[in-house]
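Report on the structure
Below are the chains, spelled out letter by letter.
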Amino acid sequence: MRRNKAAIFGLAIMAIFLGLAIFAPVIAPYSPDEISSAGASPPSWQHLFGTDDLGRDVLSRSLYGARISLSVGAVAVVIALLLGTLAGAVAGYYGGWVDGSIMRAVDVMFAFPSIFLILAIQAMLTPNIYNVMFVIGLTSWMGVARLVRGEFLRIRQLQYVEAARAIGCGDLRIIFRHMLPNAQGPIIVAATLGMAGAILTESALSFLGMGVQPPMSSWGNMLMDSQAYMRDAPWMSIIPGLLIMVTVLSLYFIGEGVRETLSPKERHAGS
Amino acid sequence: MRKFVLNRLLQIIPLLLGISLLSFLVTRLAPGDPTALFIDPNIDPLELARVRANWGLDQPIFIQYLVWLKNALLLDFGRSYTTGLPVITEIGERLPMTLLLMISSFILTLLITIPVGVISAVKKNSWFDNLFTFISFAGMAIPTFWLGLMLMLVFSVKLHWLPAVGNLALPLITMTIGSLAGLTRYQRGAMLEVLNQEYIRVARAKGLPERVVIFKHALRNALLPTITILGLSLPDLFGGAFVIETIFAWPGMGRLGVQAIFQRNYPTIMGIVMLSAILIIVGNLLADIAYAIVDPRIRYEKK
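Quantities reported herein were computed from a predicted structural model and do not represent experimental measurements.

This part covers the overall build of chain B. Per the secondary structure count, chain B includes 14 helices and 0 strands. Its helices and strands taken in sequence order, chain B reads α-α-α-α-α-α-α-α-α-α-α-α-α-α from the N to the C terminus. Dimensions of chain B, computed from C-alpha atoms along their principal axes, come out at roughly 85 × 55 × 30 Å.

In structure tokens, the structure reads:
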């Protein structure tokens, strides 16, 4: 029960952040690129979160940054879910050599430090927001694939699948209409955790200068800008980091809440 | 047991081939030519062709891969485009620093995780448990590099306790907090599950002291999932090293790797990818073997 409160708290925070991101142009007191003070000034009533080295309002940039960071996270996780679900479903349903080769591909991808692979691909492409979404999605589907495969291996043995086959359903129909809906619980959990992971990856990538490019603001590249001004303008690095942390924490809480609702057993054994 | 280990060793070969092929393709299929970054564009075209031939860039990509593979089997990963030194020498110079960071973080993580996980499980819902639950979640949600920046801000910039670069303490703390969080949760979960088992009740019923029940009977079994998670978290540990070493200017392999990526220094990138992959795979293998030693059931399962 305690954990569900956390999940509701997480949902509330995400809803607020989403609202702030969507209505950023209405809420933001300044334009994100507008130079509204001379150099970095600390938080004040004019600038609640202070201004950055160029005199741009950190609150406004954070609001616009939320749009970028949240949409990169969401799109990347959708790509990862599509790829992972497809790979896992095919592997788990057909088994045999199909399963073997897909799972070996998963092993190969898993043996890379993913940030390194992403950096290498990004260095080759022009680092822009679409490539960031795409590359993060392409390098984070393996966990979902393993999960869905496991679920499919379990579901495949259930009687209703046999029944569906007996009345002459095709493979595709069995996979998508009969089996996938029954595997959706763990997929939802993986989606929330995956989005949290994608937001963290985006921030690390943009921080290293290989992600979302200026003048577009994302929480990660705001942190990159802040690095040289830690002594004189610490608010520049504190605020975007806190925003990332709160977002990721909310997503974790939502994921844990869903997981717990799905498996009552864990509620007793777990915590 | 011997068959199990042998079997696992054989599986490594296709895995390494796959990894090398994938990373080779990723680095070579990029638009643009690495020579553009290192050579004066006004150079005589004939001279450029000679350099390209020297680096093997005039060959079809598949041939380039086979040549690379042949040399790699003899531990020759080519020469760095930027320094001209053999890649293996360059990595060899940096690797000890990375290992120093990773191994000390690994040990520190275990030293904290196991007792914290056990106490959290035994004293479930106590203030201690709640505190560490909160810390774990926060630890998982903090971007590692930001944690590094904040530690630097507090301990170097404000308090002047530690130098921002060239000191082991800050990168070590950053890396440890990063890997600690998730692992502590797993350790606690595993311990809770074991404590609910029948044999623990039996052990208690026959009057064994609680200390013996917890440390002798429960902990040994609760360590199993931790071993697996430790193996699985190795890629993250390496990934963390790339970012952490860059922030703290730590002269290790991770920082070398990030620089190589920015400079499109293919031979160095490939060398580092392969070396990390090998270390990750060997780590996982050791975890599997440790698991099989502790839990005989694993050995007899098919596959």
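Turning our attention to the UniProt feature "transmembrane region" (unreviewed entry) in chain B. Residues annotated in UniProt with the feature "transmembrane region" (unreviewed entry) correspond here to residues 99–119, 131–155, 161–183, 223–249 and 269–294 of chain B. Span residues 99–119 of chain B is 100% helix and 0% strand, its end C-alpha atoms 30 Å apart.

Residue and element names in this part refer to chain A. When the UniProt feature table is mapped onto this chain, "transmembrane region" (unreviewed entry) is found at residues 7–28, 68–93, 105–123, 129–148, 187–213 and 233–255. Helix makes up 91% of residues 7–28 and strand 0%, and the two end C-alpha atoms of the span are 28 Å apart. Helix makes up 100% of residues 68–93 and strand 0%, with an end-to-end C-alpha separation of 37 Å.

Right, let's talk about the domain arrangement of chain B for a bit. Residue and element names in this part refer to chain B. Domain boundaries in chain B define domain 1 (2–72) and domain 2 (95–294). Here the C-alpha centre of domain 2 lies 33 Å away from the C-alpha centre of domain 1. With 15 residues of domain 1 at the interface, the matching set in domain 2 holds 13 residues. If you list the elements that add at least two residues to the side of domain 1 that touches domain 2, you get α1 (2–28) and α4 (61–73). For the side of domain 1 that touches domain 2, the leading source of residues is α1, giving 11 residues.

What follows concerns the interface of chain B and chain A. On the chain A side, the residues contacting the 42 residues of chain B number 34 residues. For the side of chain B that touches chain A, the residue count by class is 32 nonpolar, 8 polar and 2 charged.

Residue and element names in this part refer to chain A. Here M14 lies in helix α1 (residues 2–22). A count of 19 C-beta atoms within 10 Å places M14 in the partly exposed class. In this structure, the C-alpha to C-alpha distance between M14 and L249, residues 235 residues apart in sequence, is 9.9 Å. Beyond its immediate chain neighbours, meaning those up to four positions away, M14 contacts S250, L251 and I254.

For the rest of this paragraph, the subject is the UniProt feature "domain: ABC transmembrane type-1" (unreviewed entry) in chain B. When the UniProt feature table is mapped onto this chain numbering, "domain: ABC transmembrane type-1" (unreviewed entry) sits at residues 95–291 of chain B. With 84% helix and 0% strand, the stretch residues 95–291 of chain B has end C-alpha atoms that lie 28 Å from each other.

All names here are of chain B. Between helix α8 (residues 169–195) and helix α10 (residues 210–232), whose axes approach to 8 Å, the crossing angle comes to 145 degrees. Considering how the two elements wind past one another, α8 and α10 form a crossing that is right-handed. Residue-level inspection shows L183, Y186, Q187, A190, M191, V194 and L195 of α8 in contact with α10, the latter providing A218, N221, A222, P225, T226 and I229. For the contact of α8 with α10, the per-class residue count stands at 10 nonpolar, 3 polar and no charged.

Quick look at the environment of L100 of chain B now. Residue and element names in this part refer to chain B. On the secondary structure map, L100 appears in helix α5 (residues 87–122). By C-beta crowding, L100 is classed as partly exposed, having 15 other C-beta atoms within 10 Å. Separated by 68 residues in sequence, L100 and L168 place their C-alpha atoms 8.9 Å apart.

To continue, consider helix α7 (residues 142–156) of chain A. All names here are of chain A. Taking 1.5 Å of rise per residue, the 15 residues of α7 would be expected to cover 21 Å, and the 21 Å separating its terminal C-alpha atoms lies within 8% of that figure. Among the residues making up α7, those that are buried are M142, V144, A145, R146, V148, R149, E151 and F152. Elements that come into contact with the buried residues of α7 comprise α3 (58–94), α4 (96–110), α9 (171–179) and α10 (184–207).

We now examine the UniProt feature "domain: ABC transmembrane type-1" (unreviewed entry) in chain A. According to UniProt, the positions carrying the feature "domain: ABC transmembrane type-1" (unreviewed entry) are residues 66–255 of chain A. Overall, residues 66–255 of chain A shows 79% helix and 0% strand. The separation of its end C-alpha atoms is 20 Å.

Basis of the calculations
Residues numbered from 1 in each chain as written. Chains lettered and ligands numbered in written order. Predicted model: local features only at pLDDT ≥ 70, side-chain atom pairs only at ≥ 80, totals over all residues. Helix = DSSP H or I, 4+ residues; strand = E, 2+ residues; numbered from the N terminus. UniProt positions renumbered as here; feature names shortened; annotations may be inferred. Domains from an automatic or database assignment. Contact = placed C-beta atoms within 7 Å. Nonpolar A, V, L, I, M, F, W, Y, C, P; charged D, E, K, R; others polar. Buried ≥ 20, exposed ≤ 12 C-beta atoms within 10 Å, placed from the backbone. Axes fitted to C-alpha atoms, helices over the stretch in contact; angles between N-to-C directions. Left-handed = near helix turned anticlockwise from the far one by under 90°. Expected span 1.5 Å × (residues − 1).

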